[in-house]
Amino acid sequence: MNSTDTDTEARFVITRTFNASRERMWEAWTDPAQLAAWNGPKGTTGTTLAADVRAGGLLHWRMETPEGMTMWGRAVYREVTPPARLVYIQSFSDETGGIARAPFFEGRWPMEMLTEVTFEEDGAGTRVTLVWTPLNAEADERANFIGNIPSMHGGWGGSFDRLDAFLADDA
């Protein structure tokens, strides 16, 4: 069975409230330099190579790990609704922006992930909810995704920790 946008079993959800306005959070997620400063697991360094934040636009980035591994990623925006919602198709990529297989998984990882990010006012801060769903995944890719949900909490949790620290530098 291939997964689709409506696959509810293979879905990763993470939510965190940040001490920043929705507008500030929107900037952190859509300004290329700010996104590169915090996005990625702890210890990684990111570079935004291209950013066209509009429906149909492409975001392309490079990430280096402390161990010297270089990875590329891309997102093609489906919906950009400031300051409330971003929807994009996220993939690993090659250095030119073409879709590529994940470089570090045993087994196969979904080639495309539907990513939905919402920004909701929550008191003096903003609650960010990120939902990841494999898109058009084969059964083995979907199973690999489901089996890795616990590690995704660590990965995205680390990115959100970096975002917290990045926002604290504003204060």
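Attention in this report is confined to the structure presented alongside it.

## Section: the nonpolar core
Here's step 1: Ranked by size, the top nonpolar core spans 36 residues in total, and within it Phe12, Met25, Trp29, Leu130, Phe145 and Leu163 carry the most contacts.
Here's step 2: Apart from residues lying up to four places away in sequence, leucine 163 is in contact with Phe18, Met25, Ala28, Trp29 and Trp38.

## Quick word on helix H3 (residues 139-147)
Here's step 1: Taken as a whole, H3 has its buried residues at Glu141, Arg142, Asn144 and Phe145. Projected onto a plane normal to the axis of H3, the buried residues spread over an arc of 160° and lie on a single side.
Here's step 2: Along its buried surface, H3 packs onto strand S1 (12-18), strand S7 (112-122), strand S8 (125-135) and helix H4 (149-168).

## Notes on the packing of H3 against H4
Here's step 1: Relative orientation of the contacting elements H3 and H4 amounts to 60°, with a least axis distance of 5 Å. The pairing of H3 with H4 is recorded here as oblique in orientation. In contact with Phe145, Ile146 and Gly147 of H3, H4 contributes Ile149, Pro150 and Met152.
Here's step 2: A breakdown of the residues in the contact of H3 with H4 according to their chemical character gives five nonpolar, one polar and no charged.

## A word on the packing of aromatic side chains
Here's step 1: Taken as a whole, this structure holds 11 aromatic pairs when the rule is applied.
Here's step 2: Considering the side-chain rings of phenylalanine 18 and phenylalanine 160, the 5.4 Å spacing of their centres and the 80° angle between planes classify their relative orientation as edge-to-face. With a gap of 142 residues between them, phenylalanine 18 in strand S1 and phenylalanine 160 in helix H4 connect regions that are remote in the sequence. Taken as a pair, phenylalanine 18 and phenylalanine 160 share a single burial class, namely buried.
Here's step 3: For the ring pair tryptophan 29 and phenylalanine 119, a centre distance of 5.8 Å and an interplane angle of 75° mean the geometry is edge-to-face.

## Looking at the pattern of salt bridges
Here's step 1: Under the criterion given, the structure shown has 13 salt bridges.
Here's step 2: When the shortest N-O distance is used, the salt bridge between arginine 108 and aspartate 140 registers 2.9 Å. With arginine 108 in the loop between strand S6 (99-100) and S7 and aspartate 140 in helix H3, the pair connects residues that are 32 residues apart, well separated along the chain.
Here's step 3: With a relative accessible area of 39%, aspartate 140 lands in the partly exposed category.
Here's step 4: A salt bridge links glutamate 120 to arginine 127; the nearest nitrogen and oxygen atoms lie 3.4 Å apart.
Here's step 5: Its relative accessible area of 28% is what places arginine 127 among the partly exposed residues.
Here's step 6: Shared partners join several salt bridges into a network, and the residues in it are Arg16, Lys42, Asp161 and Asp164.

What counts and how
- Residues numbered from 1 in each chain as written.
- Predicted model: local features only at pLDDT ≥ 70, side-chain atom pairs only at ≥ 80, totals over all residues.
- Heavy atoms only, no water.
- Core = buried A, V, L, I, M, F, W, Y, C linked by side-chain atoms within 4.5 Å.
- Buried < 20%, exposed > 50% of the residue type's maximum accessible area, 1.4 Å probe, protein only.
- Contact = heavy atoms within 4.5 Å.
- Helix = DSSP H or I, 4+ residues; strand = E, 2+ residues; numbered from the N terminus.
- Arc of directions from axis to C-beta.
- Axes fitted to C-alpha atoms, helices over the stretch in contact; angles between N-to-C directions.
- Parallel < 35°, antiparallel > 145°, perpendicular 65-115°, else oblique.
- Nonpolar A, V, L, I, M, F, W, Y, C, P; charged D, E, K, R; others polar.
- Phe/Tyr/Trp six-rings, centres within 6.5 Å; stacked < 30°, edge-to-face > 60°.
- Salt bridge = Lys/Arg side-chain N within 4 Å of Asp/Glu carboxyl O.

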